[in-house]
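Each chain, letter by letter, is given below.
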Amino acid sequence: MGGFDFDVIERSVGYLFREGMTFTLTLTGMAALGGIVFGTLLAMMRLSSFRVLAIVATGYVNLMRSIPLLLVIFWFYFLVPYIGAWMTGSSQPIQVGAFASSVITFTMFEAAYYSEIMRAGIQSIPRGQVSAGYALGLDYWQTMGRIVLPQAFRNMIPILLTQTIILFQDTSLVYVLSITDFLGAASKIAQRDGRLVEMYLFAALVYFVISFSLSVVVKRLQQKIAIVR
Amino acid sequence: MPMIEIRDVSKWYGSFQVLKDCTTNVEKGEVIVVCGPSGSGKSTLIKTVNALEPFQKGNIVVDGIVVNDPKTDLPKLRARVGMVFQHFELFPHLSVTENLTLAQIKVLNRTPDEARVRGLKYLDRVGLMEQKDKYPGQLSGGQQQRVAIARALSMDPICMLFDEPTSALDPEMINEVLDVMVLLAKEGMTMMVVTHEMGFARKVAHRVIFMDEGQIVEDATKDDFFGKPRSERAQQFLAKILHH
Amino acid sequence: MKYNWNWGILWQTSADGHNSWLMTLVHGLGWTLSAAACAWIIALLLGSAIGVMRTTPSKWARRIGNAWVELFRNIPLLVQLFLWYFVLPEVLPKGMGDSLKQMAPPWGSFVPAVIGLGFFTSARIAEQVRAGIQALPPGQGMAGTALGLTLPQTYRHVLLPMAFRIILPPLTSETMNIIKNTSVALTIGLIELTAAGRSMQEFTFQVFEAFTAATAIYIIVNLVAVTLMRWFEKRVAVPGFIGPAAVGGGAH
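An account of the accompanying structure is given in this report. All values derive from a computational prediction rather than experimental measurement. (Residues numbered from 1 in each chain as written. Chains lettered and ligands numbered in written order. Predicted model: local features only at pLDDT ≥ 70, side-chain atom pairs only at ≥ 80, totals over all residues. Heavy atoms only, no water.)

1. So, the overall build of chain A
Thinking step 1. Looking only at helices and strands, chain A has 8 helices and 0 strands in total.
Thinking step 2. Helices (α) and strands (β) of chain A occur, in sequence order from the N terminus, as α-α-α-α-α-α-α-α.
Thinking step 3. If one aligns the C-alpha atoms of chain A with their principal axes, the spans along those axes are about 75 × 55 × 25 Å.
Thinking step 4. Counting over 229 residues, chain A shows a buried share of 52%.
Thinking step 5. Long-range pairs, those at least 24 residues apart, make up 77% of the contacts in chain A between residues at least 6 apart in sequence.
Thinking step 6. Working note: accessible area of chain A is about 10,500 Å², and carbon and sulfur atoms make up 67% of it.
Thinking step 7. The averaged location of the 11 negative side-chain charges in chain A is 15 Å from the averaged location of its 16 positive side-chain charges. (Helix = DSSP H or I, 4+ residues; strand = E, 2+ residues; numbered from the N terminus. Buried < 20%, exposed > 50% of the residue type's maximum accessible area, 1.4 Å probe, protein only. Contact = heavy atoms within 4.5 Å. Areas by Shrake-Rupley, 256 points an atom, 1.4 Å probe, with all protein chains shown as cover. Lys, Arg positive; Asp, Glu negative; His and termini not counted. Charge placed at Lys NZ, Arg CZ, Asp CG, Glu CD.)

The following block contains the structure:
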């Protein structure tokens, strides 16, 4: 092996971050946002008194949690064009871009995990808070939106963030769709220049630094919240 | 027409009956104290009045509106019936002022300014004006309960329900809350109060209801009740509660 | 918009020329389970050791333990597998590296997959073990020491038996996770269940039959694994002791 080649990293670092990391972070952000919104709805469905809603949501969450993310990625990659065609009434599968497909996949998948977190958060709010909301004349959505969810969300921020760090790492799996996320970009350079050692070690380092820093932030936040309560 | 009319109300949890054919009226301006041993159904009964607890049999009419009618607009009804809870149930993520104004703005469609003026007026009435920007977690239990009363009053309720308002308080804080309630009673507010504070009952109640095992055992004027309760169970209960 | 369903495809001969596609999937499952089982053993041994290190009085043991956990849980599994598969043979002395590279398939993928998965999961198990030990009343350790047990004896006979019972539920979900995570090894060429489904889809174009079948198999495996772990939990339960419902947690 001919020594560690820092030069290949230096040459490609702009490309890696401009193309790859931008994709990775955008995907993480959008999927986290979509996943938390959809996950919260799933949690509300699971806790609702309408049996059918609860059963549908439970089934969805359990299904997503029992199959590997990679299989879900493959599923949605092929399923989304069909759903698109069905929704628009087209006779051919609709081609959606790699980015849109990834956002949909990760939103749908992570929602199952976020929903478990939000469910625990909602259940941690005393029943009396809901009663007090109703007693003041607020309706279900107002009570949820103004009283229960803000508290549940705040209590769960550290865990939601931890799950988002996992999501950030999980997005590397779009590699199997030959998408140029951060790892995909590193892998392209690695293969083009025959510099696998340098590129994969560098990728590992970057993922580590970002995830680790975020987890330190989460720990700080947890201590801060612990003091406030 | 009574302000609150409770007619043959029964409620079951599965096969366990928590309320058995409860019937009583609360007239406008009347103060009713509901007492009884724990598990007697008194908290459940008071919560049926604003439909926080559904019931399977009977009728409840509040100011001419049938509570158990599926067509009744419950949020609208509840907005007119003030309620104070055992554990205060202030919203911990909102400041005192926000606690006072949230429902006024969202339910009564008052402007934030209107709501603020109204809310602070009642906050002043319970003597807590200087706490308006604090959060519930920064107040003592007694202060929190007084804010909760001000929150209910800000909605201009036609009657007030109190569900054991002092039983979660440290002894030295009970009186500051009772004082506010006495004041309210003397102003002519219609009140239904679940409590063991017999001093309060003696001072302002018009009638006392005694419940046991889901039934209204005694429903008498204050003087009759404290004079000589008819039922043995009420006598025993009074003896226990007054002798310590 | 129509999709032509053809469930019969599962019984047709697959690309290898003699087995059916269903058997291809079952073979994939076999590799999934064997890789998961081997990785699980590594993860449990390493994870327990690291978890224990993080609760000992020794500052250095705790530091090494913490560093281990942070290292293996802050790098994506996929990247870790690439490091074991692509990078390790290059940085080892030439002879060793070459012998790694020349391992016959499927072992050339299987071994790095097992090591990678095992190390990755060990960090998560170490976290559970630490939480489990710390969930015990501090008096337990002192009581052991007061009886004259050495520190290792206290861990072996007093702390770990209870800690492991407490963390059985989270360990169950780690078992599921390791089975699901085995699918990531398809990126380094292991034909496990997801890869088998994928190859069936590529050869037959019966996308949804292939994925539905793979999904169904995963669900069955899940149900079996949960049932087994429940049974095991009951078997080892200590009468009169109810552990804290949840320790730690986190997802996949």
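2. Focus: the packing of helix α3 (residues 96-106) of chain B against helix α5 (residues 141-153) of chain B
Each pair of packed helices gets described by two things: the angle between the helix axes and the distance between those axes.
All names here are of chain B.
Thinking step 1. Running from amino to carboxyl end, α3 crosses α5 at an angle of 25°, the nearest separation of the two axes being 8 Å. With respect to α5, the element α3 is oriented roughly parallel. Like other packed secondary-structure pairs, α3 and α5 cross with a definite hand, here right-handed. Two secondary-structure elements touch here, α3 through Val96, Asn99 and Leu100 and α5 through Val147, Ala150 and Arg151.
Thinking step 2. Counted by class, the contact of α3 with α5 contains 4 nonpolar, 1 polar and 1 charged residues. (Axes fitted to C-alpha atoms, helices over the stretch in contact; angles between N-to-C directions. Parallel < 35°, antiparallel > 145°, perpendicular 65-115°, else oblique. Left-handed = near helix turned anticlockwise from the far one by under 90°. Nonpolar A, V, L, I, M, F, W, Y, C, P; charged D, E, K, R; others polar.)

3. Side note on the state of the cysteines
Residues and elements named next belong to chain B.
Thinking step 1. In this structure the tally under the stated criterion is 0 disulfides over all chains.
Thinking step 2. Unpaired in terms of disulfides, Cys35 finds its nearest cysteine sulfur in Cys22, a separation of 14 Å.
Thinking step 3. Residue Cys35 is classed as buried on the basis of its relative accessible area, which comes to 0%.
Thinking step 4. Free cysteine Cys159: the closest other cysteine sulfur is in Cys22, separated by 18 Å.
Thinking step 5. Taking relative accessible area as the criterion, Cys159 reaches 0% and is therefore assigned buried. (Disulfide = S-S within 2.5 Å.)

4. Topic: the pattern of salt bridges
Residue and element names in this part refer to chain A.
Thinking step 1. Applying the stated rule across the entire model yields 30 salt bridges over all chains.
Thinking step 2. The salt bridge involving Asp193 is made with Arg11; its shortest N-O contact spans 3.2 Å. Taken as a pair, Asp193 in helix α7 (residues 182-193) and Arg11 in helix α1 (residues 6-47) lie far apart in primary sequence, 182 residues in all.
Thinking step 3. Note on Asp193: relative accessible area 25%, which makes it partly exposed.
Thinking step 4. What you see here is one network of salt bridges that share partners, running through Asp7, Arg11, Arg192 and Asp193. (Salt bridge = Lys/Arg side-chain N within 4 Å of Asp/Glu carboxyl O.)

5. Quick word on the interface of chain A and chain B
Thinking step 1. Taken together, the contacts link 17 residues of chain A with 19 residues of chain B.
Thinking step 2. For chain A, the biggest contributors to the area lost against chain B are Ala135(A), Leu136(A) and Arg146(A); these three give 35% of the whole.
Thinking step 3. For the interface between chain A and chain B, the tally reads 0 salt bridges.
Thinking step 4. Across the contact surface, chain A and chain B share 4 residue pairs in polar contact (both at pLDDT 80 or more).
Thinking step 5. When contributions to the side of chain A that touches chain B are tallied by element, the ones reaching two or more residues are α5 (127-135) and α6 (140-170) of chain A.
Thinking step 6. Among the elements that take part in the side of chain A that touches chain B, α5(A) stands out by supplying 7 residues, more than any other. (Buried area = accessible area lost by both parts, 1.4 Å probe. Polar contact = N/O pair within 3.5 Å; in protein donor to acceptor, adjacent residues only side chain to side chain.)

6. Comments concerning the interface of chain C and chain A
Thinking step 1. Counting from both sides, the interface comprises 35 residues of chain C and, opposite them, 41 residues of chain A.
Thinking step 2. Approximately 3,600 Å² of surface area, both sides summed, lies buried where chain C meets chain A, with 77% of it carried by carbon and sulfur atoms.
Thinking step 3. Summed over the shared surface of chain C and chain A, the result is 1 salt bridge.
Thinking step 4. The partner of Glu70(C) in a salt bridge is Lys219(A), with the nearest N and O atoms 3.5 Å apart.
Thinking step 5. Where chain C touches chain A, the interface holds 7 residue pairs in polar contact (both at pLDDT 80 or more).
Thinking step 6. Mapped onto the side of chain C that touches chain A, the elements with two or more residues apiece are α2 (59-73), α3 (77-91), α9 (193-204) and α10 (207-236) of chain C.
Thinking step 7. At 9 residues, the largest contribution of residues to the side of chain C that touches chain A is made by α10(C).

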